[in-house]
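# Descriptive analysis of the structure
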Amino acid sequence: MTERVSTGRIGFASRLGFGASGIGTLYRNVSEEQASDTLSGAYAAGLRYFDTAPLYGHGLSELRLGRFLRTIDRKTVTISTKVGRYMVPPYGEAVDYGLWASPLRLKPVFDYSYAGTMRSLEQSANRLGLTDYDLVYIHDVDRFTHGDAFERRFGEAMEGCYRALDDLRKAGHIRAIGVGVNESDVATRFLRACSLDAVMMAGRYTLLDRGAVADLLPEAEKQGVEIVVAGVFNSGILATGPGAAGATFDYGAPPAGIVARARRIEEICNRHQVPLQAAAIQYPFRNPLVSAAVLGMSRPERIAPNLAWSRLPIPESFWAEVERTPLL
């Protein structure tokens, strides 16, 4: 499943992508050596799509990815990053580092303006060492991130981020524009408001949560927009299994209904002798709209199992039971 994708506007260099949030120390510290070994191991295994963002480790992910990219042929990979934030020194101000265990000690600033978008890309260029981008996503314009400020932020992103990226696309400096969000109705709204090439849908088109089926997928098909799925394990519950201590859903404790649904999926997997992780990775690819899936990896030893799960033959009888189960 790492083969180059020849169809679509973007032509991802591999269907499985490397999500670089982990090497930005998401949840746990990752040494420079470990990050380097993970990136080189992923490339050696055939992963050729690498996705990052300024938020990941407050610039650390881009810095580490950029160091690796300077050791390979740029033409062999697809690279995406995101806009909507840039980093500044905190100058003594307390900074909430959130989920990042050991990020760069910089302060993220939300800025969806035209100038803010250009500033974000200039900083990314310095960290990544790139003069061009294959794909740039407008990042986190959703209610989960902005709450009551969502409508204002959406307007800012349309007037600022999108205009800036569209100008750069027309000038040939970036190949494609997308949005990366966690809410399918927001992604659908962007599709109807501007001309996008891709949507990175995190957590809403998975084996466990299929919210994107109702709105995003029909609109993407209508417009010929490619779907990149992220969060195929829904932040952990489909990787660890619903019975594991500390299992998470959307970066928090899973609601009872989600646990029940995950247990039902696990039962079907056990009955057909299909690993839960394999089903989670392969499910989105059953839809031809999905061009790539991004998997977060921060340790070299996670690469081989992910690839093995992505390639494992899964019988149609399994998928048929999944589709006809009312709870799912």
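One can find the structure itself at the top, above this paragraph.
To keep things clear, this report deals only with the structure shown in the data block. These figures come from a predicted structure and were not determined experimentally. (Residues numbered from 1 in each chain as written. Predicted model: local features only at pLDDT ≥ 70, side-chain atom pairs only at ≥ 80, totals over all residues. Heavy atoms only, no water.)

### Remarks on helix α9 (residues 256-272)
With 17 residues, α9 should reach 24 Å at 1.5 Å per residue; the first-to-last C-alpha distance of 25 Å fits that figure. Buried-residue contacts for α9 involve α8 (237-240), α10 (276-282) and α12 (316-324). One or two steps after α9, the chain reaches Gln273, where phi turns positive at roughly 55°. (Helix = DSSP H or I, 4+ residues; strand = E, 2+ residues; numbered from the N terminus. Expected span 1.5 Å × (residues − 1). Contact = heavy atoms within 4.5 Å.)

### Some words on the side chain of Lys82
Within the secondary structure, Lys82 sits in strand β3 (residues 78-83). Here Asp51 takes part through its side chain, which lies 2.6 Å from a polar atom of the side chain of Lys82. In terms of polar contacts, Lys82 uses its side chain to reach the backbone carbonyl oxygen of Thr52, at 2.9 Å. Excluding its chain neighbours within four sequence positions, the residues that come into contact with Lys82 are Asp51, Thr52, Ala53, Pro54, Tyr56, Ser120, Val136, Tyr137, His139 and Met200. (Polar contact = N/O pair within 3.5 Å; in protein donor to acceptor, adjacent residues only side chain to side chain.)

### Details of helix α6 (residues 184-193)
For α6, the full list of buried residues reads Ser184, Val186, Ala187, Thr188, Phe190 and Leu191. Buried positions along α6 lie against α4 (143-146), α5 (150-170), β7 (174-181), β8 (198-202) and α7 (216-223). (Buried < 20%, exposed > 50% of the residue type's maximum accessible area, 1.4 Å probe, protein only.)

### Things to note about the packing of aromatic side chains
Under the criterion given, the structure shown has twelve aromatic pairs. Where Phe18 meets Phe50, the ring centres are 5.6 Å apart and the plane angle is 40°; that geometry is what we call tilted. Taken together, the residues Phe18 in strand β1 (residues 16-19) and Phe50 in strand β2 (residues 49-51) connect sequence positions 32 residues apart. Both residues of the pair, Phe18 and Phe50, belong to the buried class. Consider the rings of Phe50 and Phe68, whose centres lie 5.8 Å apart with planes at 50°: the pair is tilted. Here Phe50 is found in strand β2, whereas its partner Phe68 is found in helix α2 (residues 60-69), with 18 residues between them in sequence. (Phe/Tyr/Trp six-rings, centres within 6.5 Å; stacked < 30°, edge-to-face > 60°.)

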